[in-house]
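Structure assessment
Spelled out, the chains give:
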Amino acid sequence: MKAAMTPSDTLFILFGAGGDLSWRLVVPALFNLFLDGHLPQRFKLLGVDRADAGDAALAARYLKGVTENSRRGAPPADAWQSFSSNIHAIKLDATEAEGFKQLAKALDAHEAEWGGKAERVFYLATPPSLFEPIALGLGAAGLAQDREHVRLVVEKPLGNDLQSFREINAALCRVFEERQLFRIDHFLGKETVQNILAMRFANPIFEPIWNRRYVDHVVITAAETLGVEQRGGYYEHAGALRDMVQNHLFQLLCLVAMEPPVAYDADDIRDKKVDVLHALRPIPHDEVETYAARGQYAEGWIQGEQRPAYRAEPHVDAHSNTETYAALKLYVDNWRWQGVPFYLRTGKRLAASVSEISIRFRDVPHRAFPVAAGLNAQPTRLVIQLNPEQGIVLKFMAKEPGSPLRLSPVDMRFSYKEAFQADTPAAYETLLWDVMVGDATLFMRADQVEAAWQLLMPVLDVWAANPAVNFPNYAAGSWGPEAADLLVARDGHSWLTPTLSKDSAHER
Ligand code: BG6
C-alpha cells in the first residue's frame, strides 16, 4: 500500500512532546518511516509542551528515545542529522488561548515557507484530561476548520466508562468532524492483526467453514509476563477489562467475527466491525459471574525470577481491588455465530507472553477409526499467532507411520518470518503513516468505542460494587485464576496452553 502513495507535505504537531509515549513510540516510528522513505519530502515535527525544551534539547532527547526504543536501534548519524533538523520545540500551556494563537502563526509561517497547504496532524500524546482543553483551544484558534487537511489523533483511554467516553467524545466532536478523528488502538497496526482480514477474505477456503456449522468455539488470548511496571497510577483506575478488553480484544473479536466487506474501505470495514459489537449478547447484571471472571496476581516466579504481588507494585494500593486478569464469555447473536461461544482472556504476570486467536472446529460427526487408533485425538484448530510467533498454524490429525493404525495431532504452519524476509514495521509506523495519508481504516470510530463500553458496563458496575474477596487469586507465572477455568469448564471446555513454540499445544 505504501508504495502507491506518499503523504503530502506534513506538519506533525505532537502535544505531550516531553512525555513517555512520544519518546518511546511516536518519534521512533516517525524516524523509521523517514528511514524507509515514507515521510513526505517536506515534513516538520513540532513538539508542543508546557515546558520550554528548545529544539536542540528536544532532538537530543528523541535521539535517546530512538536509540533505546526503535526496532532498528541506534540511528545512522547522517540520517538522524537530516531528520532532526526538522524537529522544533513549541512552548504552549493548553489552558491559555494565547499559546494556540502563537501555534497558528507558527504553522502558517511553515506553510508560507513551503509555499502551499500542508497536512496538519495534531497528535495528543497527553493525559486524557487534556484532550478537551486542547481540542477546544485548537478550535478557538481556528486550527480545526480545514476538514480536508487537519486531523486529530487521540490515544486510549477514551473514557473510564460509557458516560465519560460520551463526554470526551462530545467535546472532540464540538470541534472536529468524525472523519478528522483518529482514535488509536495500536493492536490494529500490527501486521498479524491486519493479516486476519487478508487470510479470511483473500482466500476462498476459509469462508465456507467460518460459521456455527463448523466452528465449536473461539478463544482469544493476550497474555503478558510483564506486570504493571511504573504504570500503577494509571492501572489502578483501569484494570485489565478497560486496559485490554474494551479495546484490543474487542477489535480482534470484530476482525474474526465480521462479515466480508464489499471494499477495503474505512467505512465499509468499520461498519462490518460495529455490526459485530451490536450483535454481542448483553450481559445481564445478575449473570455477570456466568460471563466474566477476574483475577489479581500474587507473588510468584516467572522464568526463574521472583515477582512481587500486584499489591506490592509501585503506586498500587496495598488493598487494591483492581483486576490484572479478565476473562469473558461472549455470544455474537447473528445468523453466522448463533450459539458459538467466544472466550476472551488477558492478564499480566502470566506464564508466558503470547497473543493468539484459536478457532476450534467441531468434532467429526462420526468416528470411523478403531478406538485405539484415536486415543490421541485432538480437535482441529486454526491458530492465528499474533505474538511472539507471527503466523498461522492449522492443527489436525494425521496417521502415524507404520502399524497398527494410530492417529496423531500434527501442525501445518505459515510463519511470517520465513515467508517474507522483510522486517516487520512496528504498529505505530503503520498507523502514523495512515494518519498522514488520511486512511482511517485501522482506527476506531466513535460508535465502536461506544458499543464496546456499553457491553462492558454491567461487568464494570458489578465488579465495582462487589470487591473481590479472594484477591490476589493467581500466582505470578501461572495461567490465571481458577474462576477463569470455571468459566469455560461450565461449557465443557478448557483453555488451551497457547502455542508457545513449534511444539503442539495440548489441552490442560
Ligand atoms: C497497552 C496496554 O494498550 O497494550 C498495556 O495499556 C499492554 O497494559 C499493551 O501491556 C500490550 O501491547 P503489546 O503491543 O505489547 O502486546
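Residues numbered from 1 in each chain as written. Predicted model: local features only at pLDDT ≥ 70, side-chain atom pairs only at ≥ 80, totals over all residues. Heavy atoms only, no water.

**A closer look at the overall build of the protein**
Condition: Helix numbering and strand numbering both begin at the N terminus, where a helix is a DSSP run of H or I of at least 4 residues and a strand a DSSP run of E of at least 2. As a reference, a globule follows 2.2 Å times the number of residues to the power 0.38, and the radius of gyration itself is taken over C-alpha atoms. In what follows, residue pairs with any heavy atoms lying within 4.5 Å of each other are defined as contacts. Only the protein chains shown count as covering a residue, and every accessible area follows the Shrake-Rupley method with a 1.4 Å probe. Only four residue types enter the tally: Lys and Arg on the positive side, Asp and Glu on the negative side, with His and both chain ends excluded. Charge positions are represented by NZ for Lys, CZ for Arg, CG for Asp and CD for Glu.
When helices and strands are counted, the protein shows 14 helices and 18 strands. The C-alpha radius of gyration computed for the protein amounts to 24 Å, which stays within 12% of the reference 23 Å derived for 508 residues, consistent with globular compactness. Viewed in the frame of its principal axes, the protein has a C-alpha envelope of about 80 × 50 × 45 Å. Partitioning the intrachain contacts of the protein with sequence separation of at least 6 by distance along the chain shows that 77% fall at a separation of at least 24. In the structure as shown, the protein presents an accessible area of about 22100 Å², 54% of it carried by carbon and sulfur atoms. Taken as two groups, the 52 positive and 64 negative side-chain charges of the protein have centres that lie 3 Å from each other.

**Examining the site of the ligand**
This is how it is decided: To be near a molecule or strand, a residue needs just one of its heavy atoms within 4 Å of it. Between N or O atoms, a polar contact is any pair within 3.5 Å; within protein, one atom must be a potential hydrogen donor and the other a potential acceptor, and residues adjacent in sequence are included only when both atoms are from side chains. Three classes are used: nonpolar for Ala, Val, Leu, Ile, Met, Phe, Trp, Tyr, Cys and Pro, charged for Asp, Glu, Lys and Arg, and polar for all others, with Gly counted as polar.
Neighbouring the ligand are the residues Lys156, His186, Phe187, Lys190, Glu224, Arg231, Asp243, Met244, His248 and Lys348. Lys156 has a polar side-chain atom sitting 2.7 Å from an oxygen atom of the ligand. Take Lys190: an N or O atom from its side chain is 2.6 Å from an oxygen atom of the ligand. The protein chains hide 75% of the 400 Å² of surface that the ligand would expose on its own. Residue composition of the shell around the ligand, by class: two nonpolar, two polar and six charged.

**Comments concerning the nonpolar core**
Spelled out, the test is: In this description, a nonpolar core means a group of buried Ala, Val, Leu, Ile, Met, Phe, Trp, Tyr and Cys residues linked to one another through side-chain atoms lying within 4.5 Å. Only protein chains enter the area calculation, which uses a 1.4 Å probe; residues under 20% of their type maximum are buried, those over 50% are exposed, and those in between are partly exposed. Domain delimitation in this document rests on an assignment produced automatically or drawn from a domain database.
With 154 residues, the main nonpolar core has Phe15, Tyr123 and Phe342 as its most contacted residues. Counting residues per element, this core draws most heavily on helix α8 (residues 232-257), which supplies 13 residues. Taken domain by domain, this core gets at least three of its residues from each of domain 1 (10-183) and domain 2 (188-360 + 442-489). Contacts of Phe342, omitting those with residues within four sequence positions, involve Val218, Leu253, Val256, Ala257, Leu328, Lys329, Leu330, Val332 and Trp337.

**Considering the sheet that holds strand β15 (residues 381-387)**
Stated formally: In this description, strands pair whenever DSSP reports at least two bridges between them. Note on geometry: axes are lines fitted to C-alpha atoms, helical ones only across the stretch in contact, with angles between N-to-C directions running from 0 to 180 degrees.
Spatially, eight strands are ordered β8-β12-β13-β7-β14-β15-β16-β17 in an open sheet, and the strand pairing comes out mixed. Since the sheet does not close on itself, it has two edges, and those belong to β8 (292-295) and β17 (407-415), each with one partner. Averaged over all pairs of adjacent strands, the angle between their axes in this sheet comes to 15°, without regard to strand direction. By the bridge criterion, five bridges tie β15 to strand β16 (residues 391-399) in an arrangement that is antiparallel.

**Some remarks on unusual backbone geometry**
The omega torsion of the bond from Asn387 to Pro388 falls at -5°, within 30 degrees of zero and hence cis. Its location among the elements puts Pro388 in the loop between β15 and β16. The residue after Phe471, namely Pro472, is reached through a cis peptide bond having omega -5°. Counting through the fold element by element, Pro472 comes out in the loop between α13 (446-465) and β18 (474-475). The phi torsion at Gln303 lies on the positive side, around 45°, for a residue other than glycine.

**A short note on the pairing of β8**
Residues Ala292 and Arg294 of β8 are buried on one face, and the alternating residues Ala293 and Gly295, pointing to the opposite face, are buried as well. As judged from the four bridges shared by β8 and strand β12 (residues 325-331), these two strands associate in the antiparallel manner. When the bridges of β12 are listed, Gly295 appears paired with Tyr325.

**Quick look at the pattern of salt bridges**
Formally: Every case where a carboxyl oxygen of Asp or Glu lies within 4 Å of a side-chain nitrogen of Lys or Arg is listed as a salt bridge.
Using the criterion set out here, one finds 37 salt bridges in the structure. Salt-bridge contacts for Asp36 lead to Arg72; the nearest nitrogen and oxygen are separated by 2.5 Å. In this pair, Asp36 sits in the loop between α1 (20-35) and β2 (43-49) while Arg72 sits in the loop between α2 (55-69) and α3 (77-84), placing the two residues 36 residues apart along the sequence. With relative accessibility at 32%, the residue Asp36 sits in the partly exposed group. Measuring nitrogen to oxygen at the nearest pair gives 3.6 Å for the salt bridge that ties Glu207 to Arg200. With relative accessibility at 1%, the residue Arg200 sits in the buried group.

**Examining the domain arrangement of the protein**
Test applied: Here the quantity called buried area is the total loss of accessible area, with a 1.4 Å probe, experienced by two parts when brought into contact, counted for both.
Entries for the protein in the domain assignment read domain 1 (10-183) and domain 2 (188-360 + 442-489). Taking only C-alpha atoms, the centre of domain 1 and the centre of domain 2 are 30 Å apart. The interface of domain 1 with domain 2 comprises 13 residues on the first partner and 15 residues on the second. Both sides of the domain 1 and domain 2 interface together cover about 1300 Å² of buried area, and 62% of this is carbon and sulfur. Contact with domain 2 buries area across many residues of domain 1, yet Lys156, Leu162 and Arg183 alone supply 41% of it, more than any other trio. Across the contact surface, domain 1 and domain 2 share two salt bridges. Close ionic contact of Glu450 with Arg166 constitutes a salt bridge, the shortest N to O distance being 2.7 Å.

**Looking at the side chain of Asp9**
Among the secondary structure elements, Asp9 is positioned in the segment before β1 (10-15). Reaching out from Asp9, the side chain makes a polar contact with the side chain of Arg42 at a distance of 3.1 Å.

**Describing the sheet that holds β1**
Sheet architecture is open: six strands sit in the order β3-β2-β1-β4-β5-β6, paired in parallel fashion. Since the sheet does not close on itself, it has two edges, and those belong to β3 (87-91) and β6 (181-183), each with one partner. The mean angle between the axes of side-by-side strands here comes to 20°, regardless of whether they run parallel or antiparallel. As judged from the six bridges shared by β1 and β2, these two strands associate in the parallel manner. By the bridge assignment, Phe12 is partnered in β2 with Leu45. Sitting on the sheet, helix α5 (residues 131-140) is in contact with β1, β4 (119-124) and β5 (150-154), with an inclination near 155° to β4.

**Let's talk about the state of the cysteines**
Note the cut-off: Cysteine sulfur atoms that come within 2.5 Å of each other are treated as a disulfide pair.
Taken as a whole, this structure holds zero disulfides when the rule is applied. Cys173 takes part in no disulfide bond, and the closest cysteine sulfur to it belongs to Cys254, at a distance of 20 Å. You can call Cys254 buried: its relative accessible area is 0%.

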